[in-house]
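# Observations on chain architecture
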Amino acid sequence: MNGEHKITSFHRERAALIYLRQSSMAQVRQHTESTRSQYGLADTAAELGWASTSIEVIDTDLGISGKWGVAREGFTELVSRMCSGGVGAIFGIEITRLARSNADVARLAEFARITGTLLIDPDGVYDPADVNDRVLLGVKGTMGEMELHVMAQRLQANKRAAAERGELRTPLPVGYVHDDAGDVVIDPDAEVQAAVRDVFAAFGACGSAYGVVAAFAGRRFPLRAYGGAWAGELRWGRLTHARVLGILKNPGYAGAYVHGRYSSHRTVDPSGTVHTTMVERPRADWPVLIKDHHESYITWPDYLASEARLAANRTNAGARPPREGCALCQGIIICGSCGKPMRTSYHTDHRPSYECSSHRDRLTTPGCRSVAAATVDDAVARVLLDALTPGQVALALSAADEVTDRRQRVSRAAELAVERARYEASRAERAFCQVEPENRLVARSLEARWEDRLAALAEAGQALEAARDTLPPLPGRAELEKLAADLPALWHAPATSSKDRKRLLRTLIADITLLPEQQPGQVRIGIRWHTGATDELVTGRPIHSGTARRTPAAAVELVRQLGPATSNDELVRRLNATGLTTGHGRPFDARAVQWIRHAYHIPAPVPCAGGEIPVAEAARRLGCSTGVIYYWIESAQLDARRGPGGRLCIPWTTNIEAACRRRIAGSGHLNPAARRTRPRNRPQRHEDAALTVGTA
């Protein structure tokens, strides 16, 4: 072996590490000869004088790529063992291929130079301490990296060329297979076809990916396996949200052949580890897009409509799609005071309200309000249905015709641009073909001009496709007329769900703004239509159920004026004579009038005549509670009468007061001093009774 003289006893006394690496598990399974050759390096180390106990094999990195920044446990162990000073030589199938990056190889060689470690492969022995060996390792590493780059570039160019012809075979989505000729065809399994078509039908009906998942609850969905032992086999399982999104976003179901839809994006974390992720490119940056390449499940406009619908469902991007729930303006109503969206709160299933979202952040302004959803929804729905008058429908249809004409003009302009570019390219081609082959300078100039015209033609074609793709399809005039004629009946139909009403509302109305209030009992609503026009509505706030049952203000005012000098019976007569009723709609009685006095603090007329006092005054004079006085009146121990206001009036004289005081003085309950101080007489026992009568 070249350079064997560089191996000394100093190196043989240390360990010999055999490092194995292959970039993927497919190479480990298929390229077994390479694996066998790497394990055979242990025999080479033994032939070079290392003891079998000093030879160690590190094969942890089999199946792991050697790209820079990729975490490799085996390579980390290799560097750690070498830096500890206990390694005499490192064996590899090719030293410069221990890693895919020259940075890792250069670092390994630098550490080996410091620790006196040799690097050995089948080409020879390298001593990093020798400048010539170090330069040779650097040149070989650079050549290896350039070789990998050229190989990858050629492979990618060949793949791109095959993809531009639509012939590059890639794993097909479920529902498609390759036939014997290699063409893409729809899966002949009728159950698979039905499952895929039902996904698009369910999305068209519900408008959301989660709705499709709910529609497939309890139903299995196919999956075509690629690679491994199950390659080509059809398996069935549960349809998940991720799979629904993958189906709806896959242009292959629209009959398009796409290459380069995803690109790899590499990032580095603070620890130095490189992470590679796949990023979806915008449709304009797809390298290859061939429409009508194979039979489709949906049309290309349907695919674009589904893509736009999914984008409109992304709430994290600011979209507010229609949801379930009876709140009609949910998601499109804005607070006119602070400018933030208003959230919908469902206090009960049938009583939602709109509340400013600033309330949660404690950033509300004095003008921020909350309002019952029914107040806003009813007013907006009336305006929406009133706008669909015959005159408005005619204006809408004429506007639709104008939009259609405008789109046709835009499309026609792009078509004319393509036609002009095609003509210029044809002229450049004819000029190039007519030049004499010997006149190379002229041919070179004409070839460059032809290439410029072809590039302009391709750019004009892309502009035409972009103009057609970015404009969603317009409904026909007959469809618009039918929708306008049936919209009121469709709106009020019991079968129309709240989500459908929201969709109908958003076809005409862009957003709703709750404007600052000028009067507390009113709500100002601003409507912005998709046409750019705005309207302002003013409607009354709903009256609380307790407020609705409140006593009429006229009755309260009458009691307030006459109450201090009029008895309750007289007030009842006058209130009923004027036709007033209570908050519950019943005629007034004495209890209702008494409640008005209590609630509004209206005094009653003085009930007591001369020589009479009320219950409270009698209790104060006697020094007892009012309960004692009420008890004496109820038990007929004290006389009293009802006054005009329903209050008790007690005739009061000195004799009556003296009698009441004697009653209190003799009551053990009211006067503790009157209680018994001796024990009560109890029955004598038989022995005591016998002694009393003188018998034994």
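Reading the values: the criteria
- Residues numbered from 1 in each chain as written.
- Predicted model: local features only at pLDDT ≥ 70, side-chain atom pairs only at ≥ 80, totals over all residues.
- Heavy atoms only, no water.
- Helix = DSSP H or I, 4+ residues; strand = E, 2+ residues; numbered from the N terminus.
- Buried < 20%, exposed > 50% of the residue type's maximum accessible area, 1.4 Å probe, protein only.
- Contact = heavy atoms within 4.5 Å.
- Disulfide = S-S within 2.5 Å.
- Axes fitted to C-alpha atoms, helices over the stretch in contact; angles between N-to-C directions.
- Parallel < 35°, antiparallel > 145°, perpendicular 65-115°, else oblique.
- Left-handed = near helix turned anticlockwise from the far one by under 90°.
- Nonpolar A, V, L, I, M, F, W, Y, C, P; charged D, E, K, R; others polar.
- Pairing = 2+ DSSP bridges.
- pLDDT = per-residue confidence, 0-100.
- Core = buried A, V, L, I, M, F, W, Y, C linked by side-chain atoms within 4.5 Å.

### Points about unusual backbone geometry
- The phi dihedral of aspartate 292 falls on the positive side, at around 55°, and the residue is not glycine.
- One can find aspartate 292 in the loop between β13 (288–290) and α11 (300–312).
- Even without being a glycine, histidine 601 presents a positive backbone phi close to 55°.
- Here histidine 601 is to be found in the loop between α21 (590–600) and β21 (612–614).
- Owing to a relative accessible area of 70%, histidine 601 belongs among the exposed residues under this scheme.

### Here we look at the environment of histidine 530
- Mapped onto the elements, histidine 530 comes out in the loop between β19 (522–529) and β20 (534–540).
- Judged by its relative accessible area of 49%, histidine 530 falls in the partly exposed class.
- The spatial distance from the C-alpha of histidine 530 to the C-alpha of threonine 507 is 7.8 Å, given a sequence separation of 23 residues.
- Beyond its immediate chain neighbours, meaning those up to four positions away, histidine 530 contacts Arg506, Thr507, Leu508, Ile509 and Ala510.

### A look at the state of the cysteines
- Enumeration according to the criterion identifies zero disulfides in this entry.
- As a non-bridged cysteine, cysteine 338 has cysteine 356 as the owner of its nearest cysteine sulfur, 3.2 Å distant.
- Overall, the relative accessible area of 26% leaves cysteine 338 in the partly exposed class.

### What to know about the packing of helix α22 (residues 615–622) against helix α23 (residues 626–634)
- In contact at an axis separation of 8 Å, α22 and α23 are set at 115° when each is read in the N-to-C sense. In terms of their interaxial angle, α22 and α23 are classed as roughly perpendicular. The handedness of the crossing between α22 and α23 is right-handed. Residues Val615, Ala616, Ala618, Ala619 and Leu622 of α22 lie in contact with α23, whose contacting residues are Thr626, Ile629, Tyr630, Trp632 and Ile633.
- Of the residues assigned to the contact of α22 with α23, the class counts are nine nonpolar, one polar and no charged.

### Thoughts on the pairing of strand β3 (residues 87–91)
- Of all five residues in β3, five are buried, a share of seventy percent or more.
- The pairing of strand β1 (residues 15–19) with β3 spans four bridges and is parallel. Bridged to alanine 16 within β3 is alanine 89.
- Alignment of β3 against strand β4 (residues 118–121), held across three bridges, turns out to be parallel. Pairing of alanine 89 across the sheet is with leucine 118, part of β4.

### Quick word on the confidence of the model for the protein chain
- The predicted model of the protein chain has a mean per-residue pLDDT of 80, with 83% of residues at 70 or higher.
- In the model, residues 689–696 has pLDDT below 50 throughout and makes three contacts with residues more than four positions away in sequence or in other chains.

### Things to note about the nonpolar core
- Judged by nonpolar contacts, the single largest core of 31 residues is most densely connected at Val199, Phe200, Val212, Phe221 and Tyr253.
- Those elements giving two or more residues to this core turn out to be β7 (184–186), α8 (190–206), α9 (209–215), α10 (241–248) and α11.
- Top element by residues in this core is α8. It accounts for eight residues.
- When near neighbours in sequence (up to four residues on either side) are disregarded, valine 212 contacts Val199, Ala202, Phe203, Cys206, Leu239 and Val244.
- Judged by nonpolar contacts, the second largest core, of 30 residues, contains Ile332, Cys368, Leu384 and Leu504.

### What about the side chain of glutamine 22?
- Inspection of the secondary structure puts glutamine 22 in the loop between β1 and α2 (25–30).
- On the basis of relative accessible area, glutamine 22 is assigned to the buried category, the value being 4%.
- Apart from the residues within four sequence positions on either side, glutamine 22 is in contact with Gln27, Val28, His31, Ser34, Thr35, Gln38, Asp61, Leu62, Gly63 and Ile64.

### Thoughts on the sheet that holds strand β2 (residues 55–58)
- In spatial order, the strands read β2-β1-β3-β4-β5; together these five strands make up an open sheet with mixed pairing. Since the sheet does not close on itself, it has two edges, and those belong to β2 and β5 (124–126), each with one partner. Neighbour to neighbour, the strand axes of the sheet diverge by 25° on average, direction disregarded.

### Details of the sheet that holds β20
- Here four strands make up an open sheet; going across it, the order is β14-β18-β19-β20 and the pairing mixed. With one partner strand each, in any of the chains shown, β14 (333–335) and β20 form the two edges of the open sheet. For this sheet, the mean inter-axis angle between neighbouring strands, taken without regard to orientation, is 25°.
- Sheet topology places β14 next to strand β18 (residues 509–515); three bridges connect them, and they run parallel. Looking across to β18, one finds that isoleucine 333 is bridged to isoleucine 512.
- Sheet strands touched by helix α13 (residues 373–386): β14, β18, β19 and β20. Its angle to β19, the strand with the most contacts, is close to 45°.

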